[in-house]
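Coordinate analysis (summary)
Single-letter residue listing:
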Amino acid sequence: MSSNAITIPGVQIDEKPWVDTLHEWVTTVDHKRLGVLYILYALLFLVVAGVEALIIRIQLMFPHNHFVSPQVFNRLFTMHGTTMVFFMGMPILFGFANYLVPLMIGARDMAFPRLNAFSFWLSAMGGFLLYFSLVGANGLYGAGNAPDAGWWAYAPLTARAFSPGHSTDYWTLALLVSGFGSIGTAINIIATILCMRCPGMKLNRMPLLAWLNLVMAGMVLLAVSPLTAAQFMLLIDRYLGGHFFDTQAGGSAMLWMHFFWIFGHPEVYVLIIPCFAFMSEIIPVFSRKPIFGYPVMVAATVCIGFVSMSVWAHHMFSVGMNSYANSFFTITTMAVGVPTGIKIFNWLGTMWGGKIQFKVPMLFCIAFLFQFLTAGLTGIMLGSAAFDSQLTLSYFVVAHFHYTLVGGVVFGVFAALYYWYPKITGRILNETLGKLHFWLFLIGFHLTFDLMHIPGLLGMPRRIYTYEPGRGWDTVNLLISVGGFIQAIAVVIFAANLVVSYFKGKKAGNDPWDAWTLEWATSSPPPAYNFASIPLVASRRPLWDLKHPEDQ
Amino acid sequence: MATLLTTEPMSESPGAPREIEVPAPTAWPFVLAFGFTLLAAGLVTTITVSVFGAVLALAGCIGWFREVFPHEHEEVVPVLPEDIRITTERSIVERLPIPAYRRAWLPVHTYPISAGVKGGWAGAVAMAILACAYGVLKAGSVWYPINLLAAVVYAESLKLGPAQLYSFHADTFAIALVLHGLVSTLVGVLYGAMLPMFARRPIVLGGLIGPVLWSGLLYTILGFLNPLLASHIDWPWFIASQVAFGIVAGIVVTKQSRKPTRENLPFLMRAGIEAPGIIPPRENGEDGQ
């Protein structure tokens, strides 16, 4: 470590009543506190959705199992998918963007602090509204509680005839409410990055994390808006007698698919691009080398942003589009692999010849590289219409997107949590517990999701409640479930590490990793104003300039 | 041993303020968000919830407006003394020996993009001639390889019966033509970018070894990418056409003249704008070129 402790002479910390502390957090407009709220809220939903996944895996552990009823099983996979994407993935990444972007660009806060608070509370209340369905939907109509139409909510499953009661309405309204929150946050991130940079921080000197979050926020605006529009249309269908998605009355089920996936596929990139940003900040620091090919990394990200907006219908190869559409979406899906491959080469180029430090954040990054590459390759396989038509709606697809979202996003988020936890709390997460967490999670992940490809190739459909024995799926499903529990144990260790290190962790100092970006030039945790004096930067690595004045 | 570069607390540096204004905390965004959520929740509970939500949302809007109009509410935060240490344990830095006025840009010379495009097109012609020759000599129809190629992206090709594979189909032909042209152009551009990196025997590496490796990769995945082609392919002819592409594209690319890379020039110069002061003068006083 470059420094061990920060002493702040003359500062007395008064104990406050917990009500005052709670009031401060509820009324805060500080980007750092809102960032922490986003992260805590997302971690809560990570646990909730994780428990749902475990119940799903218990149900599928053995053939002819009846741990839960078929109805509950449908609700579990719907709530698991919806929660992980909308109430865990997006919020935790928005949390990091909120916390880090102003610090990294030398700003005192986000461009619109009050909009920031409003956006967070909308997102949070959307999640709570979704889970209120467990009480509200059943209590009023007795027609099933939690939503059960899958996280895509395809028509006509969402029509009143197939989804009586209010479970689908809760799903729609929760996503609508949180969708406005997401749009507000995206506007804020864009405005902050474009307008609030400190003197000297030109666009070509901006940290890659800021660049990538700029692209992500632009994609959120373009992707969430169609979903919000579709949710309004669904509400009109269900409440006002509309027929947008009612095939019996001239509507189109395909229309919903297009609306959903024009959101749904860019959403994958909305989730993964911030993780690319984590990689781009963490790998250079622990390789002790500058990022390889900064301009190309920016260009590749912008390119991914554009191309990924034109690949959505590869989720629909099997629904009967014409051959020209299939051809177009196959080609664009293949094309998006090119800039993504460039990024992977650049991260490897950064590590190549570097003095790599295998700290916990770096371990998660290395695993991310391998796993995301593998996920990308199965994605290219599924991007081919011919291949997809054989394996769509099978467990191969489930394995592929979990490889992306767990192997990519969750590993990226863990890397970021280990890396920036010292900045957020002033304490370093315990390295031994961290490595135990990493290795257990890695083993559990590969046991679950490597093997999950096999039942898919053997023809096991996704979303089935149970299955017949003797199809070659039995042992594999058992091992997949065991892997899920190993991951759960790893997450418990991580949670314990978060708590223990918060109280008893080693003091971090302002710059525990000997890093180069601006957030490490202020205390840990930073004061409310971030920087006493607005920094003036002259390069992409302002702390390098201070640490190596001979370079200037 | 850490090297201490600066120990001066930032708050004590000259010009640092003693106190800073930051946006004041406010509950109105929370109230508005809660009101908005209740407004929506009323649709699935009872109208009373929506009415309550609407009242909260209205109160939230008014409160928020009053928070920022006519003047934004801010609170003054005293600047805390901080002990910021900008230090490094790694004072030894390994650097490439390059001129002081400029960083290293490698490679120094490369082929223009047009060279890659020309190479790709020439390779495409060579490959097409061999593929058509195969069609005529081995299969008895020039359209046979074209119909197989289109099946990579065109599902209608998969539906062609054995007899139809030997006849002309306009849509299949158009898609195969575009696909062949597009992929050949992209691979040609890739050759243009890569061949300067293989200074010795570029044709052997780019024209022979590369296509053989590529063919090996295709051998393993062709069943997924193009089941029709995989079931009808003649591997010796296929590999020969790949090698023909590589050699012809490589020869055409290497025949083009190389150009200095221009990444080290500012954007204005790359855009063709000539004006004094664009490049900082060198130590001997001359303007940069």
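Residues numbered from 1 in each chain as written. Chains lettered and ligands numbered in written order. Predicted model: local features only at pLDDT ≥ 70, side-chain atom pairs only at ≥ 80, totals over all residues. Heavy atoms only, no water.

**A look at the overall build of chain B**
The line we're drawing: Comment: elements are numbered from the N terminus, with helices defined as DSSP H or I runs of at least four residues and strands as E runs of at least two. Exposure categories follow from relative accessible area, calculated using a 1.4 Å probe and restricted to protein chains: below 20% of the type maximum is buried, above 50% is exposed, and the middle band is partly exposed. By definition in these notes, contact holds between two residues if any of their heavy atoms fall within 4.5 Å. Computed with the Shrake-Rupley method and a 1.4 Å probe, the accessible areas treat only the protein chains shown as cover for residues.
Helix and strand counts for chain B stand at ten helices and six strands. Taking all 289 residues of chain B together, the buried fraction comes to 36%. Long-range pairs, those at least 24 residues apart, make up 70% of the contacts in chain B with a sequence separation of at least 6. As presented, chain B carries roughly 17,200 Å² of accessible surface, and 68% of it is formed by carbon and sulfur atoms.

**So, the overall build of chain A**
Here is the rule: Within these notes, the globule rule equals 2.2 Å times the number of residues to the 0.38 power, and the radius of gyration is based on C-alpha atoms. Asp and Glu are treated as the negative residues and Lys and Arg as the positive ones, with His and the ends of the chain left uncounted. Taken as the charge location is NZ of Lys, CZ of Arg, CG of Asp or CD of Glu.
The helix and strand tally for chain A stands at 16 helices and two strands. Taking 2.2 N^0.38 as the reference for a compact globule, 552 residues should give roughly 24 Å; the C-alpha atoms of chain A span a radius of gyration of 23 Å, in line with that estimate. The principal-axis extent of the C-alpha atoms belonging to chain A is close to 70 × 50 × 40 Å. In chain A, buried positions account for 62% of the 552 residues. A separation of at least 24 residues holds for 82% of the contacts in chain A among residues at least 6 apart in sequence. Of note, chain A has its 29 positive side-chain charges centred 6 Å away from the centre of its 24 negative side-chain charges.

**Some words on the environment of L54 of chain A**
Residue and element names in this part refer to chain A. Mapped onto the elements, L54 comes out in helix α2 (residues 31-60). In this structure, the C-alpha to C-alpha distance between L54 and Q231, residues 177 residues apart in sequence, is 29 Å. Once residues within four sequence positions are removed from consideration, L54 is found in contact with G484, F485 and A488.

**Quick look at the interface of chain B and chain A**
Frequently, the measure chosen for interface size is the accessible area that the parts lose on association. Basically, it comes down to this: Here the quantity called buried area is the total loss of accessible area, with a 1.4 Å probe, experienced by two parts when brought into contact, counted for both. Take a side-chain nitrogen of Lys or Arg and a carboxyl oxygen of Asp or Glu: if they are within 4 Å of each other, that pair is a salt bridge.
Chain B puts 58 residues into the contact, and the matching count from chain A is 66 residues. Summing the contributions of chain B and of chain A, the shared interface buries around 5,200 Å²; its carbon and sulfur component is 67%. Between E72 of chain B and R114 of chain A there is a salt bridge; the shortest N-O distance is 3.0 Å. Contributions of two or more residues to the side of chain B that touches chain A are made by β2 (19-23), α1 (28-41), α2 (47-68), β3 (74-78), β4 (87-88), α5 (155-158), α6 (170-194) and α7 (202-225) of chain B. Looking at the side of chain B that touches chain A element by element, the count peaks at nine residues for α1 of chain B.

**Observations regarding the domain arrangement of chain B**
Cut-off, in case you're wondering: Residue ranges for the domains trace back to a domain assignment, done automatically or taken from a database.
Split by domain assignment, chain B resolves into domain 1 (3-78) and domain 2 (112-257). Here the C-alpha centroids of domain 1 of chain B and domain 2 of chain B sit 61 Å apart.

**Let's talk about unusual backbone geometry**
All names here are of chain A. The omega torsion of the bond from A155 to P156 falls at 5°, within 30 degrees of zero and hence cis. Note on placement: P156 falls in the loop between α4 (113-141) and α5 (167-195). In this structure, A153 is a non-glycine residue whose phi angle is positive, near 50°. Structurally, A153 can be placed in the loop between α4 and α5. Given the relative accessible area of 1%, A153 is considered buried. Non-glycine residue R463 carries a positive phi angle of around 65°.

**Description of α1 of chain B**
Just so we agree on the cut-off: To estimate the expected span of a helix, count its residues, drop one, and scale the result by 1.5 Å.
If you check α1 of chain B, its first and last C-alpha atoms are 19 Å apart, about what 14 residues at 1.5 Å a residue would give, namely 20 Å. Those residues of α1 of chain B not exposed but buried are P29, V31, L32, A33, G35, T37, L38, A40 and A41 of chain B.

**Brief notes about the nonpolar core**
For the record, the criterion: Here, nonpolar core means buried Ala, Val, Leu, Ile, Met, Phe, Trp, Tyr and Cys residues that are tied together by side-chain atoms lying within 4.5 Å of each other.
Residues F96, W256, I273, F278, W347, F368 and W420 of chain A are the most contacted members of the largest nonpolar core, which totals 191 residues. Of all the elements, helix α7 (residues 253-287) of chain A adds the most residues to this core, at 20 residues. Residues Y144, A151, L228 and F238 of chain B belong to the second largest nonpolar core, which totals 13 residues.

**What about the confidence of the model for chain A?**
Selection rule: Scored from 0 to 100, pLDDT reflects the predictor's confidence in each residue.
Per-residue pLDDT for chain A has a mean of 92; in total, 96% of the residues score no lower than 70. Taken as a whole, residues 1-11 of chain A scores under 50 in pLDDT and shows 31 contacts with residues more than four places along the chain or in a different chain.

**A closer look at the side chain of N477 of chain A**
Residue and element names in this part refer to chain A. Quick reminder of the rule: We define a polar contact as two N or O atoms separated by no more than 3.5 Å, with the added condition that, inside protein, one atom must be a possible hydrogen donor and the other a possible acceptor, whereas residues neighbouring each other in sequence contribute only through side-chain atom pairs.
Looking at where N477 falls in the secondary structure, it is placed in helix α15 (residues 474-504). A distance of 2.9 Å separates the side chain of N477 from the side chain of R57, its partner in a polar contact. Excluding residues that lie within four positions of it along the chain, N477 makes contacts with R57, L60, M61, M460 and Y467.

**Details of a nonpolar patch on the surface**
Residue and element names in this part refer to chain B. Spelled out, the test is: Residues enter a patch when their relative accessible area is above 30% and they make no salt bridge; the linking distance is 9 Å between like charges and 5 Å between nonpolar side chains (Val, Leu, Ile, Met, Phe, Trp, Tyr).
Taken together, the side chains of V204, L205, L208, I209, L213, I247 and I251 define a hydrophobic patch exposed on the protein surface, amounting to about 540 Å² of accessible area. Looking at the nonpolar patch, the elements with two or more residues in it are α7 and α9 (235-255). When residues of the nonpolar patch are assigned to their parent elements, the largest contribution, five residues, is made by α7. Among the secondary structure elements, I251 is positioned in helix α9.

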